[in-house]
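Reading the structure
Take a look at the letters that make up each chain.
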Amino acid sequence: MAKTMTFPVGGVHPEEGKDRTSGLPIRVSEPPGEVAVLMAQHIGAPARPVVKKKDRVRKGQLVGEAQGFISANVHAPVSGAVKAVEERIYSVTGRRVPAVIIENDGQERWARGLNEPQDVESMEPARMVELVHECGVVGLGGATFPSHVKLSPPAETPIADVFVNGAECEPCATVDHRLMLEHTDDVVDGLKLIMRIVKAPNGYVGIERNKPDAIEAFRKALADEASIRVVALQVKYPQGAEQQLITAVTGREVPSQGGLPGDVGCLVHNVATTLAVRDAIRFRRPLVERALTVTGDGIENAGNFVERVGTSVAGILERQGLREGANQLILGGPMMGIAQGTADVPLVKGNNALLVLRGARIPPQRDCIHCGRCVEHCPLGLMPAELSIACEKQDWDAAVELNMLECKECGCCAYVCPAKRRIVHMIKFGKAELRLRKARAREGS
Amino acid sequence: MENQLLVSSSPHVRDADTIEKIMWCVVVALAPAAAMSIYFFGFGVLKVYVISIAAAEATELLCLRWRGKPLSRAADGSAFITGMLLAMVLPPSAPYYCSLVGAVFAVAVVKHAFGGLGCNIWNPALAARVFLQFAYPLRMSLSQWSVPRMLWGKAAEVATMASPLAKEGAAAPLSHLDLLFGNGVPGCIGETCKVALLLGGLYLIARRVVDWRIPLFYIGTVFVLTWLLPAGHDAPAWAADPFYHVLSGGLIIGAFFMATDMVTTPVTRRGRIVFAMGCGLLVALIRRYGGYPEGVAYSIIFMNTFTPLIDRWVCPRVYGSRTPRPARRQA
Ligand code: SF4
Ligand code: SF4
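The paragraphs below set out a description of the structure included in this document. (Residues numbered from 1 in each chain as written. Chains lettered and ligands numbered in written order. Predicted model: local features only at pLDDT ≥ 70, side-chain atom pairs only at ≥ 80, totals over all residues. Heavy atoms only, no water.)

**Description of the overall build of chain A**
Put simply, the rule is: Strands are runs of DSSP state E lasting at least 2 residues, helices are runs of H or I lasting at least 4, and numbering of each runs from the N terminus. Three labels apply to residues, based on accessible area from a 1.4 Å probe with only protein chains included: buried if under 20% of the type maximum, exposed if over 50%, partly exposed otherwise in between. We call two residues contacting when some pair of their heavy atoms lies within 4.5 Å. Charged residues are defined here as Lys and Arg on the positive side and Asp and Glu on the negative side; His and the ends of the chain fall outside this count. Here the site of a charge means atom NZ of a Lys, CZ of an Arg, CG of an Asp or CD of a Glu.
Regarding its fold elements, chain A presents 14 helices and 17 strands. Dimensions along the principal axes, computed over C-alpha positions, put chain A at roughly 60 × 55 × 50 Å. Looking at chain A residue by residue over its 445 residues, the buried ones come to 59%. Pairs at least 24 apart in sequence give 73% of the contacts found in chain A among residues at least 6 apart. When the 55 positive and 54 negative side-chain charges of chain A are each reduced to one mean point, those points stand 2 Å apart.

Structure follows, in structure tokens:
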């Protein structure tokens, strides 16, 4: 077997917690009776609602229009009638954002021209990007960065290496693993389409070693494919972070201070995004559903499911059953997921896992004992101990000097801290404060 | 579940290691050396341990109470270590009030006056030891009366020296094997049995409580410098023997248990190397050219003082940049 690759600095080994669901095939859930489609569920400008109350919509019809280049379209996940355009909670920020509420008529009728095979062989790359844009594809690993932006690299930084990120290093999440097993050829197809768009000579499928069946499946599927390599990655969190994946495979480092993978000739999409890009190009199918893992010790029936965007999380929990003592609801995995104050939130494109924990508690925090573990384990070479203290003191100059803005909130530092310090909490707070101050300064001037 | 959902920041899972586990781990690692010290110097030193640990814990409780902190923190093991380590660096002949005063000073002044565990600048046990040195210079010097029990061979009729590093009055120097096991070696209570200390030290390294870089670079620096630095004409024969230096005095206990105290040493790997080499340099200079035979305690206390500076200057390289602090002028 080829040698296992990994990133050189930092990282942790949290309990994987994947056994419960990694063997369960993805099941397509019944579409709900009502969906709430958020206008802001991606990075960039929120979309603008283009339907109003009482409008009839078909499945896949545009309901929110992208505003500007870094933004994404949103579409109706079901056919039916618009019940209201009102605010709902966005699980990532906890803020209320406009949403289109659609009552499902159960007809599942696609809007005209959608979900039909396209003539891909003769298609221009520009048209492909246009389709990806039109279909509202965003990064489905949680980052929700609009994919058409990534697929339009500036001419100065040509892309040489395109990655499918199948590391799935986040504990408990198994949906990418299942997608890789169940849609191996489609993933390869998506990767080839992306390589065609950006004219990249090399493709890679990066998979952590704890998914040997997926590695095997891709090795087979790519047996006579000279330009695409399957890379077995060491099991280490955050192997699936864009920067760490690139460094593990190519040895290159994405420049700090806002550098992009494109600056080192790389482009990374996770498994689900690659499939969504393929669906957009091959079938002109808007992103209206996604697969996710529902698990955690507070869930009665765990599994991997395809759900419509806008489905109520409370509904999913009710269907899967909660166990006695369940007290924490997390959208995303245990390392980076976001704890919710209410289950009354609609599913968004970026939700790759839904986790319910039992008997969760916040461990009491002590003063930093300078053990240095956070420094040792930070994959970005930051000094989390000092950084969190600077944020605690609200010393923003010091925090910025300690590279607060480089932090990706991966959680390695807080994970290893024996004093149970809330390092990531403080860094998130610091970033939010800094944003607020900058916004205020702009208004003031 | 709605009304009782717990909202907290990611990560939602934490490693199982805690401050308490780390601290009690150190106590376990010190235990073999402590047991050997009771063998060597008799049950009298058990009294020193008991007084020192009890005083440290009592002071800890009082300080926690006074500062309005949870009293349960007294069980985190940190005060226990301070008491235990202090006892181990006292001479066997030290009167009981020395250990009492030292433990109170260590916990109340060196630790809590600076903000408690995690905020102290100096290692509490060592700082207390240095304080006692000044407060009771006569009582704290190694006396010639504490003759250690032998593991093998016949004990000397009269103890001929106070420390293997004493510059005057040294008769036949001890063999390396004697020094390694502490056989007939005079010295502070817990510092003489190097084998037991090494055992505990290796356990801490394996348990990842201690960064191996510190003992390695500390001891390595002392070894190289005592080997290379010229000894004076009137120096005893052992002065040019690096093995003798490494195995004598408090170097091993200092390098494994005191220079590795997390709170008072740098957080970065490279910073720790700088720290350890600084300690080693100081020990070599003090032993070679200073008037004092030891030097381990002073070297560590001295370098503790520089820890914040080292942490500032020696940072890891930030991913994707060449310099450690690319953002310096960005704000
Ligand atoms: S959360 Fe930020 S500071 Fe902490 S380990 Fe990850 S990148 Fe480093
Ligand atoms: S891991 Fe925690 S206790 Fe250790 S240095 Fe970092 S913040 Fe301090």
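Let's pick the thread back up.
**Side note on the interface of chain B and chain A**
The criterion, for reference: The quantity reported as buried area is the accessible area (1.4 Å probe) lost by two parts once they are put together, taken as the sum for both. Any carboxyl oxygen of Asp or Glu within 4 Å of a side-chain nitrogen of Lys or Arg constitutes a salt bridge here.
Each partner contributes residues to the interface: chain B has 51 residues there, and chain A has 71 residues. Surface buried jointly by chain B and chain A totals about 5,100 Å² across both partners, of which 53% is contributed by carbon and sulfur atoms. Among the residues chain B hides against chain A, the three largest losses belong to Leu 6, Arg 14 and Tyr 319 of chain B. Together they make up 17% of the total. Linking chain B with chain A are six salt bridges. Glu 376 of chain A serves as the salt-bridge partner of Arg 269 of chain B, at 3.4 Å between the closest nitrogen and oxygen.

**As for the side chain of Asn 304 of chain A**
Residues and elements named next belong to chain A. Selection criterion: Polar contact criterion, stated in full: a pair of N or O atoms within 3.5 Å, where within protein one must be able to donate a hydrogen and the other to accept it, and residues adjacent in sequence count only if both atoms are side-chain atoms.
Relative to the helices and strands, Asn 304 is located in strand β14 (residues 303-308). According to the relative accessible area criterion, Asn 304 is buried, its value standing at 0%. A polar contact is formed between the side chain of Asn 304 and the backbone oxygen of Thr 21, at a distance of 2.9 Å. At a separation of 2.9 Å, a polar atom in the side chain of Asn 304 contacts the main-chain carbonyl oxygen of Leu 24. Setting aside anything within four residues of it in sequence, one finds Asn 304 in contact with Thr 21, Leu 24, Pro 25, Ile 26, Arg 27, Thr 174, Val 175, Arg 178, Leu 292 and Thr 293.

**Structural notes on the site of ligand 2**
The condition is simple: Nearness is judged by heavy atoms alone; a residue qualifies as near a molecule or strand once a single heavy atom is within 4 Å of it. Amino acids are sorted into nonpolar (Ala, Val, Leu, Ile, Met, Phe, Trp, Tyr, Cys and Pro), charged (Asp, Glu, Lys and Arg) and polar (every other residue, Gly among them).
Surrounding ligand 2, one finds Cys 368, Ile 369, His 370, Cys 371, Gly 372, Cys 374, Ala 385, Cys 417, Pro 418, Ala 419, Arg 421 and Ile 423 of chain A. Taken together, the residues that form the shell around ligand 2 break down as nine nonpolar, two polar and one charged.

**Overview of the site of ligand 1**
Residue and element names in this part refer to chain A. Around ligand 1 sit 14 residues, and of these Cys 378, Cys 407, Cys 410, Gly 411 and Cys 413 come closest. Only α13 (412-416) and α14 (423-444) provide two or more residues apiece to the shell around ligand 1. Residues of the shell around ligand 1, tallied by class, amount to 11 nonpolar, one polar and two charged.

**Brief notes about the side chain of Thr 265 of chain B**
Tracing the chain through its elements places Thr 265 of chain B in the loop between α11 (251-258) and α12 (269-289). Owing to a relative accessible area of 2%, Thr 265 of chain B belongs among the buried residues under this scheme. Contact partners of Thr 265 of chain B, with chain neighbours within four places excluded, come to His 370 of chain A together with Ile 214, Ala 259, Thr 260, Phe 275, Asn 304 and Thr 307 of chain B.

**Focus: a nonpolar patch on the surface**
Residues and elements named next belong to chain B. Put simply, the rule is: The patches described consist of residues with a relative accessible area above 30% and no salt bridge, like charges being joined within 9 Å and nonpolar side chains (Val, Leu, Ile, Met, Phe, Trp, Tyr) within 5 Å. Areas reported as accessible are Shrake-Rupley estimates using a 1.4 Å probe. Residue values count occlusion only from the protein chains shown.
Among the surface-exposed residues, Phe 302, Phe 306, Leu 309 and Trp 313 lie close enough to one another that they form a single nonpolar patch of about 440 Å² accessible area. Its location among the elements puts Phe 302 in helix α13 (residues 296-313). Among the residues examined, Phe 302 registers a relative accessible area of 44% and is labelled partly exposed.

**Brief notes about the environment of Ser 37 of chain B**
All names here are of chain B. With respect to the helices, strands and loops of the structure, Ser 37 is situated in helix α1 (residues 19-41). On a C-alpha basis, the gap between Ser 37 and Thr 192 in space is 7.6 Å, while along the polypeptide they are 155 residues apart. Sequence-distant contacts of Ser 37, that is, excluding residues within four places in its chain, are made with Gly 42, Val 45, Tyr 49, Ile 189 and Gly 190. Here Tyr 49 takes part through its side chain, which lies 2.8 Å from a polar atom of the side chain of Ser 37.

**Remarks on helix α9 (residues 213-228) of chain B**
Residue and element names in this part refer to chain B. Which entries qualify depends on this criterion: Multiplying 1.5 Å by the helix residue count minus one yields the expected span of that helix.
Compared with an ideal rise of 1.5 Å per residue, which puts 16 residues at 22 Å, α9 spans 22 Å between its outermost C-alpha atoms and is within 8% of the ideal. For α9, the complete set of buried residues consists of Arg 213, Ile 214, Pro 215, Tyr 218, Ile 219, Thr 221, Val 222, Leu 225 and Thr 226. Lining the buried residues of α9 we find α8 (194-206), α10 (242-247), α11, α12 and α13.

**Concerning the pairing of strand β9 (residues 161-166) of chain A**
Residue and element names in this part refer to chain A. For clarity, the threshold we go by: Two strands make a pair as long as DSSP finds a minimum of two bridges between them.
Where burial is concerned, most of β9 is hidden: six out of the six residues are buried. Burial of the side chains of β9 extends over both faces: Asp 161, Phe 163 and Asn 165 are buried on one face and Val 162, Val 164 and Gly 166 on the other. The pairing of β9 with strand β10 (residues 202-208) spans six bridges and is parallel. Looking across to β10, one finds that Gly 166 is bridged to Ile 207.

**Some remarks on the sheet that holds β10 of chain A**
Residues and elements named next belong to chain A. For the record, the criterion: Axis definition: a line fitted to C-alpha atoms, over the contacting stretch in the case of helices. Angles run 0 to 180 degrees between N-to-C directions.
Spatial ordering of the open sheet is given by β11-β10-β9-β12, a layout of four strands whose pairing is parallel. Each end of this open sheet is capped by a strand with a single partner; those strands are β11 (228-233) and β12 (266-270). Strand after strand, the sheet turns through a mean of 25 degrees between neighbouring axes, direction not considered. Alignment of β10 against β11, held across six bridges, turns out to be parallel. Paired with Val 205 across the bridge in β11 is Val 230. Those strands touched by helix α5 (residues 184-198) are β9, β10, β11 and β12, and its axis lies near 150 degrees from that of β9. Contacting β9 and β12, helix α8 (residues 271-283) runs over the sheet at an angle of about 90 degrees to β12.

**Considering the sheet that holds strand β16 (residues 338-339) of chain A**
All names here are of chain A. Across the sheet, which stays open at both edges, the six strands sit in the order β1-β14-β13-β17-β15-β16 with mixed pairing between neighbours. Each of the sheet's edge strands pairs with one partner strand only, and the pair in question is β1 (27-28) and β16. Strand direction decides the pairing type here: strand β15 (residues 326-331) and strand β17 (residues 353-358), joined by five bridges, are antiparallel. Across the sheet, residue Ile 330 finds its bridge partner in β17, namely Leu 355.

**Re unusual backbone geometry**
For the bond running from Tyr 237 of chain A to Pro 238 of chain A, omega is -5 degrees, close enough to zero to count as cis. In this structure, Pro 238 of chain A sits in the loop between β11 and α7 (242-250). In this model, Ser 10 of chain B is joined to Pro 11 of chain B through a cis peptide bond whose omega is -5 degrees. Within the chain, Glu 108 of chain A stands out as a residue other than glycine whose phi angle is a positive 55 degrees. Within the secondary structure, Glu 108 of chain A sits in the loop between β8 (96-104) and α2 (125-134).

**Notes on the pattern of salt bridges**
All names here are of chain A. For the coordinates displayed, the defined rule picks out 35 salt bridges over all chains. For Arg 56, the salt bridge is made with Asp 105, and the minimal N-O distance between the two is 3.3 Å. Here Arg 56, found in strand β4 (residues 56-57), pairs with Asp 105, found in the loop between β8 and α2; they are 49 residues apart in sequence, far enough to count as distant. Notably, a salt bridge pairs Asp 279 with Arg 285, separated by 3.4 Å at the nearest N-O pair.

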